[in-house]
Amino acid sequence: MKIKKARTKILEGDLTPMIDMTFLLIAFFMLIVNFSETEKDQDLELPDSKVARTPDEPPKYQIVMNLRTSKDGTPRVNFVGKNFASIASIGTELELEKRSAAAQKVPPSEINVVIRADRYIAFSKVQELMAKCQEYELQKFSLRAKENIR
Amino acid sequence: MKIRGGQEKEQIKLQTTAMIDIVFQLLVFFIMTFKITALEGDFQVNMPQASDLPQTPIENIDKTIRIHLYENPQAIRITYLNADGKEVTRDVRNTLQSIEVNHGDRDPVTFSHLGKQYDAFKALRDHIQGIIESEADPSQAKELEVEFEVDPNLIHGDTVRAVEAVSARIGEDRTIIPMIEKIKFKDTGAGAGE
């Protein structure tokens, strides 16, 4: 008797459409991924606003400062990825920022300081922070608010 | 004549497995780092050093609107939506009590904030809009400047609401109409001495 030998066949699906889709997905996620979010303190409760909008053109040089009250009631500043226990102690870092801006030919008066302050912090703390920045000739401030479109 | 059958075509097959592996890894990475965050907007505040400021000429005194924000030391129960969309109730001290507007030599106007019954921020916005519209020349309205004086303990959120009220309004067609661009805060000397 003749025994037929079963031939093992390799099944090959057409993967081309899947790869196309996957590349499209990657392109999409690459475009919307935003690494600048890392400098934002996400636990902070920002004030919200209906009319605050992101500026049309980005500033030449920007410093983002997060200001909140710690559990013991003292203000805490977080910027350039560092935590500061008091507003008075940010001076050295501000000086460094000023120099790094000067290296990019941006005068201190053009540096934009974005203040992301907790909505329940006393405003005098925000003014204290502004006064500290003014000591380093910074004068452009932005009060950050969450866009509230309803 | 005998026509020869076409030569059997040889298909070239690419090994795509390795590429797909890497592509999937990339995809997973980007999906994991993807985070939906609320958009954020800014209010511009210009605060040059006091010594750099030119003295305000007398004829320009009418261009400065001075707004004083008074705090309410009593705790007020407020309900709001937090970042996760949940309703949160908490007692907050030092919310806004009233707003006083001084413009040139006109009589000061005061708006008391009574929460839902009377919104002082809305009243302030309407008042500022009235000042802008009373300017005969639109280019003159651009020269208007607001200086805020804020009680030290007033919460930041209410200050931002007042800044919002003077800086823009929402028109009937839901577009944002800018109002006053020059905003500054009165230097209270806080911080500099501390």
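Residues numbered from 1 in each chain as written. Chains lettered and ligands numbered in written order. Predicted model: local features only at pLDDT ≥ 70, side-chain atom pairs only at ≥ 80, totals over all residues.

(A) Looking closely at the interface of chain B and chain A. If you look at the interface, chain B gives 48 residues, while chain A gives 47 residues. For the side of chain B that touches chain A, a count of residues per class yields 27 nonpolar, 15 polar and 6 charged. Sheet topology places strand E6 (residues 140-147) of chain A next to strand E1 (residues 40-46) of chain B; 7 bridges connect them, and they run antiparallel. Following the sheet pairing, Leu143 of chain A is matched in E1 of chain B by Phe43 of chain B. (Contact = placed C-beta atoms within 7 Å. Nonpolar A, V, L, I, M, F, W, Y, C, P; charged D, E, K, R; others polar. Pairing = 2+ DSSP bridges. Helix = DSSP H or I, 4+ residues; strand = E, 2+ residues; numbered from the N terminus.)

(B) Up close: the pairing of strand E5 (residues 95-103) of chain B. All names here are of chain B. Bridge count for strand E2 (residues 64-72) against E5 is 8 bridges, and the pairing is antiparallel. Across the sheet, residue Tyr70 finds its bridge partner in E5, namely Ser98. Strand direction decides the pairing type here: E5 and strand E6 (residues 109-112), joined by 4 bridges, are antiparallel. Residue pairing across strands places Ser98 opposite Ser112, the latter belonging to E6. Hairpin connection, E5 to E6: the antiparallel pair is bridged by 5 residues, and Gly104 has positive phi, about 55°.

(C) Structural context of the sheet that holds strand E10 (residues 182-185) of chain B. All names here are of chain B. Across the sheet, 5 strands lie side by side as E6-E5-E2-E7-E10; this open sheet has mixed pairing. This sheet does not close on itself; its edge strands, each paired only once, are E6 and E10. Put simply, the sheet's adjacent strands are angled 20° from each other on average, direction ignored. With 4 bridges connecting them, strand E7 (residues 145-150) and E10 associate as parallel partners. Its bridge partner lying in E10, Glu147 is registered against Lys184. (Axes fitted to C-alpha atoms, helices over the stretch in contact; angles between N-to-C directions.)

(D) Molecular detail of unusual backbone geometry. If you check the backbone angles, Glu137 of chain A has positive phi at about 65° while not being a glycine. Along the chain, the position of Glu137 of chain A falls in the loop between helix H3 (123-135) and E6. The exposure class assigned to Glu137 of chain A is partly exposed, which follows from the 15 C-beta atoms found within 10 Å. Not every positive phi belongs to a glycine, and Arg174 of chain B is a case in point at roughly 65°. (Buried ≥ 20, exposed ≤ 12 C-beta atoms within 10 Å, placed from the backbone.)

(E) Highlighting the packing of helix H2 (residues 120-134) of chain B against helix H4 (residues 156-167) of chain B. Residue and element names in this part refer to chain B. Following both chains from N to C, one finds H2 and H4 inclined at 30°, their axes separated by 8 Å at the closest point. Between H2 and H4, the interaxial angle falls into the category roughly parallel. Every pair of crossing elements has a handedness; the one defined by H2 and H4 is right-handed. On H4, the residues touching Phe121, Leu124, Arg125 and Ile128 of H2 are Arg161, Ala162, Ala165 and Val166. (Parallel < 35°, antiparallel > 145°, perpendicular 65-115°, else oblique. Left-handed = near helix turned anticlockwise from the far one by under 90°.)

(F) How the structure looks around the nonpolar core. Counting residues in hydrophobic clusters, the biggest one holds 56 residues, and the most contacted among them are Met65, Val113, Ile115 and Leu129 of chain A together with Ala162 and Val166 of chain B. In terms of residue count, H3 of chain A provides more of this core than any other element does, 6 residues in total. Setting aside anything within four residues of it in sequence, one finds Ile115 of chain A in contact with Met65, Leu67, Val126, Leu129, Phe141, Ser142, Leu143 and Arg144 of chain A. (Core = buried A, V, L, I, M, F, W, Y, C linked by C-beta atoms within 7 Å.)

(G) Structural view of the environment of Pro75 of chain A. Residues and elements named next belong to chain A. Examined against the element boundaries, Pro75 turns out to sit in strand E3 (residues 75-79). Looking at Pro75, the number of C-beta atoms within 10 Å reads 21, which means it is buried. Distance from Pro75 to Gln42, taken between C-alpha atoms, is 17 Å for residues 33 residues apart in sequence. Look past the residues within four positions of Pro75 in its chain and what remains in contact with it is Leu67, Thr69, Ser86, Ile87, Ile121 and Lys125.

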